[in-house]
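A closer look at the structure
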Amino acid sequence: MKNVLIYCRAGFERDALAEITDKAAELGFYGYGKPSDQQGFVVYHTNDEDGGEKLIQSLSFNHLIFARQIIAVNDVIDFEKGGRVQALLEAARSLPLAEDIWLETADTNEAKALAGLIKKIEKPLREGWKKSGLIRKKAVGVRHHVFFMEGDQAYLGVSYASCRSEFPLGIRRLRFPAKGPSRSTLKLEEALLQFVPQKTRERDLHEGMHAVDLGAAPGGWTYQFVVRGIHTYAVDNGPMQKELMNTGLVSHMTEDGFKFKPPVKVDWLVCDMVERPILVAELMAKWLSEGWTQRAIFNLKLPMKKRYQEVDQCLQLIAGQLSQKGLRYDMQYKHLYHDREEVTVCIMIR
Ligand SMILES: C[S@@+](CC[C@H](N)C(=O)[O-])C[C@H]1O[C@@H](n2cnc3c(N)ncnc32)[C@H](O)[C@@H]1O
C-alpha cells in the first residue's frame with residue numbers, strides 16, 4: 001500500500017499533515033498530501049508501492065501528536081451501486097491477512113450519518129471476509145479497516161498493533177465520574193491510560209505517591225490522583241471542590257504555579273495552566289531538570305494556527321534541556337480525544 005490515512009480531530013488536518021510529512025522525511029520517505037478542512041482525516045501519498053506500510057511500521061503511536069488512528073491504504077475505492085461488498089473484497093486481495101476487520105468513518109457529523117449504512121453492510125462484509133479466508137486467527141496484530149467517506153466511497157487499509165489506537169475511530173470513550181469536579185478530569189484520565197501502560201502502572205502510579213497539580217482548580221486533575229490514593233499539592237488561587245478537600249489527600253496552595261517550589265520531591269507533576277506553550281515547556285523542563293519530579297503530564301494550549309510547529313518547538317526545548325543535564329527520559333505526546341485546542345505531553349525520567 002502506497003499511502004497513509006490518518007484520522008484526526010476535525011480542524012486539525014493541516015497539523016496532522018505537517019507532522020506526518022516531517023516524520024516521514026526523517027525516516028527517508030517522501031510524499032505529499034492535501035488537507036481538506038474539517039474532514040477529520042488526512043491522506044499522505046508516497047511514491048513507493050509499499051511506502052504506506054513501511055512508514056506506519058516505522059512509527060510509534062505515542063510519538064505522533066495529531067493521529068488518532070493511522071493505517072496504510074491504497075487509493076480510494078469508488079463503488080458501483082449495490083456492489084460495495086464485492087468491490088471491497090476484490091481490493092482486499094492485495095492486503096495481508098488480518099485477525100479482524102473494522103468499519104469506520106471520520107469523527108464528523110456528516111460522516112457519522114453513514115452509521116446506518118455501516119450497520120447494514122457489516123454482516124455481509126464480515127461473512128465475505130471470512131469466506132474468502134481474509135480473516136485468520138493467526139494473523140495476530142493485523143487489522144483491516146474500511147473507512148467510509150461517502151456511501152459510494154471508502155478507503156480500505158491495514159493497521160499493525162505496533163503503531164495504532166485500539167479503539168474504533170481512534171476514540172477512547174470515558175464515563176464522567178459522578179463526583180468529578182470538572183469535565184477536565186477526563187483529560188488526565190485519558191492521558192494516564194494512554195501513557196502509563198498497564199504493565200508498568202503498578203510501578204508508576206500507585207497509592208502513597210506524591211503529586212503536584214499546577215493550575216488545579218476546581219480539581220478535575222487532582223481528582224484522578226486522589227482516587228488512586230495519591231497525596232496532591234493543588235496549586236491555584238481558585239477554589240477547590242469541597243468533597244476533594246475532605247478526603248484529606250489534598251493540600252491546597254494558593255500560590256503562583258510559576259513560582260511554586262514543592263516542599264518534597266514528588267513522583268508526579270501535572271499542569272493544566274492556560275499559558276503560552278513555551279512558558280509551560282520551560283517550567284516543565286525546570287522541574288524535571290532540578291529533580292523536583294520524576295514524571296510530568298501537561299497540556300500545551302494551542303490557540304494559534306501553526307500548531308504542529310509550536311508543539312515541536314516546545315518538545316525540542318525540553319529535550320535539549322534534559323539532555324544537557326544528562327538525563328535519560330521517555331517522552332510521549334498526543335492530541336487526546338478529550339483534548340480540544342491543546343495537546344498532552346508525558347515525560348518520565350528513567
Ligand atoms: C483549565 S483550568 C484547570 C482545570 C483543572 N485541571 C481541572 O481539571 O479542574 C486552569 C487553571 O489554571 C489556573 N492558573 C492560571 N495561571 C496560573 C498560575 N500562574 N498559577 C496558578 N494557577 C494558575 C487558573 O486559576 C485555573 O483554575
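Quantities reported herein were computed from a predicted structural model and do not represent experimental measurements. Residues take numbers from 1 onward in each chain, read along the sequence in its written order. In keeping with the model being predicted, local features are shown solely for residues with a pLDDT of at least 70 and side-chain atom pairs are shown and tallied solely at 80 or more, while totals for entire chains, interfaces and linings include all residues. Computation of side-chain values: all heavy atoms of the structure, hydrogens and water removed.

**Notes on the packing of aromatic side chains**
- Ring pairs are drawn from Phe, Tyr and Trp, using the six-membered ring of Trp, whenever the two centres fall within 6.5 Å, and their geometry is named by plane angle: stacked under 30 degrees, edge-to-face over 60, tilted for the rest. Overall, the coordinates contain seven aromatic pairs when judged by the stated rule.
- Relative to Trp-287, the ring of Phe-260 has its centre 6.4 Å away and its plane inclined at 20°; by these criteria the two rings are stacked. Pair noted here: Phe-260 is in the loop between β11 (250-253) and β12 (266-271) and Trp-287 is in helix α10 (residues 277-290), with a separation of 27 residues, a long-range link.
- Look at Phe-260 and you get buried, because its relative accessible area is 3%.
- By the ring-pair criterion, three or more aromatic residues cluster together here, those being Tyr-7, Phe-41 and Phe-147.
- When the ring centre of Trp-102 is taken as reference, the NZ or CZ atom of Arg-143 above it lies at 3.6 Å. A run of H or I in DSSP becomes a helix once it reaches four residues, and a run of E becomes a strand once it reaches two; helices and strands are each numbered from the N terminus. Type-normalised accessible area, obtained with a 1.4 Å probe on protein chains alone, sets the label of each residue: buried when under 20%, exposed when over 50%, and partly exposed for intermediate values. Whether a charge lies above a ring is judged from NZ of Lys or CZ of Arg, which has to be within 6 Å of the ring centre and within 35 degrees of the ring normal.

**Description of the UniProt feature "domain: Ribosomal RNA large subunit methyltransferase M THUMP-like" (unreviewed entry) in the protein**
- UniProt positions are given in the numbering used here, feature names are shortened, and annotations may be inferred rather than shown by experiment. This chain's UniProt record puts "domain: Ribosomal RNA large subunit methyltransferase M THUMP-like" (unreviewed entry) on residues 84-160.
- Helix makes up 39% of residues 84-160 and strand 30%. Its end C-alpha atoms lie 25 Å apart.

**Things to note about the site of the ligand**
- One heavy atom within 4 Å of a molecule or strand is enough for the residue carrying it to be called near that molecule or strand. Around the ligand there are 16 residues in total, and Ser-182, Gly-220, Asp-236, Gly-257 and Asp-272 lie nearest to it.
- Under the rule applied, a polar contact is a pair of N or O atoms within 3.5 Å (in protein, one hydrogen donor and one hydrogen acceptor; residues adjacent in sequence only if both atoms are side-chain atoms). Take Ser-182: an N or O atom from its side chain is 2.8 Å from an oxygen atom of the ligand.
- Pro-218 places a main-chain nitrogen or oxygen 3.5 Å from an oxygen atom of the ligand.
- Note on residue classes: Ala, Val, Leu, Ile, Met, Phe, Trp, Tyr, Cys and Pro are nonpolar, Asp, Glu, Lys and Arg are charged, and everything else, Gly too, is polar. When grouped by side-chain class, the residues that make up the shell around the ligand number six nonpolar, six polar and four charged.

**Notes on the sheet that holds β11**
- Strand order across the open sheet formed by seven strands is β11-β10-β9-β12-β13-β15-β14, with mixed pairing between neighbours. In this open sheet, the two strands that pair with only one neighbour each are β11 and β14 (329-334). Within the sheet, the average angular offset between the axes of one strand and its neighbour, ignoring direction, is 15°.
- Strand pairing is assigned whenever DSSP detects at least two bridges linking the two strands. Both strand β9 (residues 210-214) and strand β10 (residues 231-235) contribute to a ladder of five bridges, which runs parallel. Within β10, the residue paired with Asp-213 across the bridge is Ala-234. The convention used is that axes are lines fitted to C-alpha atoms, helices contributing only their stretch in contact, and that angles between N-to-C directions extend from 0 to 180 degrees.

**With respect to the layout of surface pockets**
- Computed from the structure, the largest pocket encloses a volume of approximately 390 Å³.
- In the cavity and pocket records, a cavity denotes points on a 1 Å grid over the protein atoms alone where a 1.4 Å probe fits but cannot get out, a pocket denotes an open set with protein on both sides within 12 Å along at least 5 of 7 lines, and lining residues are residues with an atom within 4 Å of a point. Lining the largest pocket are 20 residues, and of these Phe-195, Pro-197, Asp-330, Gln-332 and Met-348 lie nearest its centre.
- Those elements that place two or more of their residues in the lining of the largest pocket are α6 (185-195), α7 (198-204), β13 (293-301), β14 and β15 (342-349).
- It is α7 that provides the largest number of residues to the lining of the largest pocket, a total of four residues.
- Split by residue class, the lining of the largest pocket holds seven nonpolar, six polar and seven charged. Grid points are joined across faces, edges and corners, and a volume is the space filled by probe spheres set on the points.

**Concerning the packing of helix α1 (residues 13-26) against helix α11 (residues 307-324)**
- Between α1 and α11, the shortest axis-to-axis distance is 8 Å and the interhelical angle comes to 55°. One element, α1, and the other, α11, form an angle in the oblique class. Contacts between α1 and α11 involve Asp-15, Ala-18, Glu-19 and Asp-22 from the former and Arg-307, Tyr-308 and Asp-312 from the latter.
- Residues of the contact of α1 with α11, tallied by class, amount to two nonpolar, no polar and five charged. Comment on the angle field: the value is read as roughly parallel under 35 degrees, roughly antiparallel over 145, roughly perpendicular from 65 to 115, and oblique elsewhere. Contact between two residues is taken to exist if any of their heavy atoms lie within 4.5 Å; hydrogens are not considered.

**Describing the nonpolar core**
- Joining through side-chain atoms within 4.5 Å is the link that ties buried Ala, Val, Leu, Ile, Met, Phe, Trp, Tyr and Cys residues into a set, and such a set is a nonpolar core. With 85 residues, the main nonpolar core has Ile-70, Trp-129, Phe-148, Leu-214 and Phe-298 as its most contacted residues.
- With eight residues, α10 is the largest single contributor of residues to this core.
- Ignoring sequence-local partners within four residues, the contact set of Leu-214 consists of Val-235, Gly-257, Phe-260, Leu-269, Val-270, Cys-271, Asp-272, Met-273, Leu-283, Met-284 and Trp-287.
- Listed in part, the 17 residues of the second largest apolar core include Phe-195, Leu-205, Ala-211 and Ile-297.

**Some thoughts on the UniProt feature "active site" (unreviewed entry) in the protein**
- The positions UniProt marks with the feature "active site" (unreviewed entry) are Lys-301.
- Mapping Lys-301 onto the fold places it in strand β13.
- When near neighbours in sequence (up to four residues on either side) are disregarded, Lys-301 contacts Asp-272, Met-273, Val-274, Glu-275, Pro-277, Glu-341 and Glu-342.
- In terms of polar contacts, Lys-301 uses its side chain to reach the side chain of Asp-272, at 2.6 Å.

**Examining the environment of Ser-165**
- Locating Ser-165 in the fold gives a position in the loop between β8 (153-160) and α6.
- Sequence-wise, Ser-165 and Ile-20 are 145 residues apart; in three dimensions their C-alpha atoms are separated by 16 Å.
- The residues contacting Ser-165, other than those within four sequence positions of it, are Phe-61, Arg-68, Gln-69, Arg-143 and Gly-170.

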